[in-house]
Structure formats: C-alpha cells, structure tokens
Amino acid sequence: KHKEKMGKKTLADVIQEMKTFLWNSEKRECMGRTAQSWGLILLFYLILYMFLAGMFSFCIYGLLLTLSPYTPTYRDRVSPPGVMIRPYLHGFTIAFNVSEPSTWTPYVNSMHHFLQAYDDNIQEEKNIECPAGQYFVQDGAESKEKKACQFKRSQLQNCSGIEDPTFGYSTGQPCILLKMNRIIGYRPGYGTPVSVNCAIQKGNESALKSVDFYPGNGTFDLMYYPYYGKLTHVNYTSPLVALHFTDVKKNDFVPIQCRLNGEGIVNNVTNDRFLGRIIFTLSIGM
C-alpha cells in the first residue's frame, strides 16, 4: 500500500514536500529543526572544535618547548658526513669535449657562481683568520652569533679560477670541488684533519694517472669545525678540497671514487654512495 501511495505522487508533490522540509513556515523549522535546535547544535560543535584546536595547539607548544632552533635534538643518524661535488649540473657524469667550448662552458660558469662566496675580498671582509690545525670552539650563549674562519678562493691555487678562468676544462685537465655536508657540532677526525684520496672506482687503474689536491695535501683543516648552524654561523663557508685531474684517459668514460679518510669516517657502505665518499664519471673528449 505504501508503494502504491508513493507511486501516486506527482513531481509537484515531491517538490512541495522538499520545499516543506527545507522550510516549514507553519512550524518555523528548517530541515526539521527550529532555530533554537540549530543554535544549540552549532554551539556544541563550536565548543568541541575550539577544545580540539586548543588541545592541539597546547601539544605543539609543549613540543616546541623541548626543541632548540639552534641545535637538533637527535643527531645520531647524521654522522659521519656525506660528500658532494661541484660542478653539479645534470648528475654525476662530467662529460665535455675540449675542442667544443659550448660543452664545458656550463661547468665553468657553475664553478664561478659557486665560488663567489669564497672570493678573497669577501672572506677578508666577513670572516676572521684562525689558527690552523685546531678546532675553532666558540663558547657563550647558544643564540650568540658565531664567527667564521676565512676560506679564501686563492687557497685552491690552480683550481681557484683566478689564473685559469676555465678551471682546466679548456685543456682537458678539469678541476672538481669536493665538500663535506654540514653537521652541527660535528668535529671530524677526532683531532686529526680528514684527508681525501681518489682512484678508479672500477676498471683499468692506468686511466687515472695523476690528481693534484688543493689546498695543501688535500685535507679539511680542523679550524673550520665545529659548525654551529645557519642561524648563528651566518657567514660560514664550507671548506673545500679541489681535485685537479691533470692526467686522465681521454675519449672514454672513467669512473672515479673519492673517499674521506680519518678517524670516525665511514666510507665503505655499499648502499650509500655519498657516505664518506663520492662516485662520479669523467668523460673528456678531444
């Protein structure tokens, strides 16, 4: 009977019922509820969500009280450091043809751009000279601005881009810059400078006959550590080691691995090519 009764309703009846449901002028109800009923429901949910928002804000505030904006609370998963190279354009294959400047000019421009912060005049203006061979530990409040030691571009000698603006790329003897990732409070080497060595990663070792390291014998001096973070160590520039590949096999792909060596350095994890080492490929055409 109910189905028969529903089947007798016209479209106009259905529309009228919908209008009555949305607003019943006789009972002064909107969707079956009076204004007072809707007001109580909205008030309930307003109080509920204000309580939840307040509770969430209180939890976040309590969490922030336990954190320092200057030093990470947990640093057990970031030591020892990873390694990166410059120039870095389209991956870890540096390929160019000496006779075609358009192939090596992007690498040269990338090097000049990266080394701008290391210009001698900028370093002398912003940073200070520090005694070599020892950590530059700075006491005082955690929020106090820290001084940074000078690392001048000229220290890279043949790879500084000063005497040779092409960094050796125009002669098939390219320079590559290597730097350690920054880790707040880390003191590499446990009192002994970390050094760098490079060799063929896989294949004929005679493909790499000569590599020069700058500055000095290719070490990261202790005076640039520890690092105190970007909020307080504002003028800090990471120390670099320049790799000058003076005799590399031409017209071939030469895979090279450069490692950090020192106390506490891990460089033999097979599933992490950046932990304590870096692997890249040189392809120099003539």
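Computed from a prediction, not measured in an experiment: that's the story for all the values here.

What to know about the pairing of strand β9 (residues 277-285)
1) Next: Across the nine residues that make up β9, a large majority, nine, are buried.
2) Next: Burial along β9 is two-sided: the face carrying Arg277, Ile279, Thr281, Ser283 and Gly285 and the face carrying Ile278, Phe280, Leu282 and Ile284 are both buried.
3) Next: The pairing of strand β2 (residues 93-97) with β9 spans five bridges and is parallel. Across the sheet, the residue bridging to Asn97 is Gly285, located in β9.
4) Next: As defined by bridge partners, strand β8 (residues 253-261) adjoins β9 across seven bridges and the pair is classed as antiparallel. Considered in β9, the bridge of Arg259 is made with Arg277.

Observations concerning the sheet that holds strand β1 (residues 83-86)
1) Next: Across the sheet, four strands lie side by side as β1-β3-β7-β5; this open sheet has antiparallel pairing. Each edge of the open sheet carries a strand with a single partner, namely β1 and β5 (208-214). Averaged over all neighbouring strand pairs, the angle between strand axes comes to 30°, with direction disregarded.
2) Next: Note that strand β3 (residues 175-180) and strand β7 (residues 241-248) share four bridges and pair antiparallel. Along β7, the bridge assignment pairs Leu178 with Val241.
3) Next: Here helix α4 (residues 101-115) sits on the sheet in contact with β1 and β3, set at roughly 40° to β3.

Concerning the layout of surface pockets
1) Next: Approximately 170 Å³ is the volume attributed to the largest pocket.
2) Next: Around the largest pocket, the lining comprises 14 residues; the ones closest to its centre are Thr71, Ile184, Gly185, Tyr227 and Tyr228.
3) Next: Of the residues that constitute the lining of the largest pocket, the class distribution is six nonpolar, four polar and four charged.

A closer look at the state of the cysteines
1) Next: Throughout the structure, instances matching the rule amount to three disulfides.
2) Next: One disulfide bridge connects Cys159 with Cys175, the sulfur atoms lying 2.0 Å from each other. Here Cys159 and Cys175 share a disulfide; its torsion about the S-S bond, -75°, makes the bridge left-handed. With Cys159 in the loop between α5 (120-126) and β3 and Cys175 in strand β3, the pair connects residues that are 16 residues apart, well separated along the chain.
3) Next: Overall, Cys159 belongs to the buried group, its relative accessible area being 0%.
4) Next: Assessed through its relative accessible area of 0%, Cys175 is described here as buried.
5) Next: Between the sulfur atoms of Cys198 and its disulfide partner Cys258 the distance amounts to 2.0 Å. Classification of the bridge connecting Cys198 and Cys258 rests on its S-S torsion, roughly 110°, and on that basis the disulfide is right-handed. In this pair, Cys198 is assigned in strand β4 (residues 194-200) and Cys258 in strand β8, connecting sequence segments 60 residues apart.

As for the side chain of Gln138
1) Next: If you trace the backbone, Gln138 turns up in the loop between α5 and β3.
2) Next: For Gln138, the side chain forms a polar contact with the main-chain oxygen of Lys147, separated by 2.8 Å.
3) Next: Gln138 has contacts with Lys146, Lys147, Tyr228 and His233, leaving out every residue within four places of it along the chain.

About the cut-offs
Note on numbering: residues in each chain are counted from 1, in written sequence order. Only residues with pLDDT of at least 70 get local features here, since the model is predicted, and only at 80 or more are side-chain atom pairs given and counted; chain-wide, interface and lining totals rely on the full set of residues. Based on all heavy atoms of the structure, the side-chain values leave hydrogens and waters out of the count. Each residue is assigned to one of three classes by its accessible area relative to the maximum for its type, calculated with a 1.4 Å probe on protein chains only: buried under 20%, partly exposed between the two thresholds, exposed over 50%. The secondary structure listing takes helices from DSSP runs of H or I that are at least 4 residues long and strands from runs of E that are at least 2 residues long, numbered from the N terminus. Strands were regarded as paired on the criterion that DSSP finds at least two bridges between them. Simply put, an axis is a line fit to the C-alpha atoms, just over the touching stretch for a helix, and the angle between two N-to-C directions goes from 0 to 180 degrees. We call two residues in contact when some of their heavy atoms are within 4.5 Å. For cavity detection a 1 Å grid was placed over the protein atoms alone, and a set of points counts as a cavity when a 1.4 Å probe fits there but cannot get out; an open set counts as a pocket when protein lies on both sides within 12 Å along at least five of seven lines, with lining residues being those that have an atom within 4 Å of a point. Grid points are joined across faces, edges and corners, and a volume is the space filled by probe spheres set on the points. Classes in brief: Ala, Val, Leu, Ile, Met, Phe, Trp, Tyr, Cys and Pro nonpolar; Asp, Glu, Lys and Arg charged; the others, Gly included, polar. The rule for a disulfide is simple: a pair of cysteine sulfur atoms within 2.5 Å. Whenever a nitrogen or oxygen atom comes within 3.5 Å of another N or O atom, the pair is scored as a polar contact, on the condition that within protein one atom can donate a hydrogen and the other can accept it, and that pairs from neighbouring residues in sequence are kept only if both atoms are in side chains.

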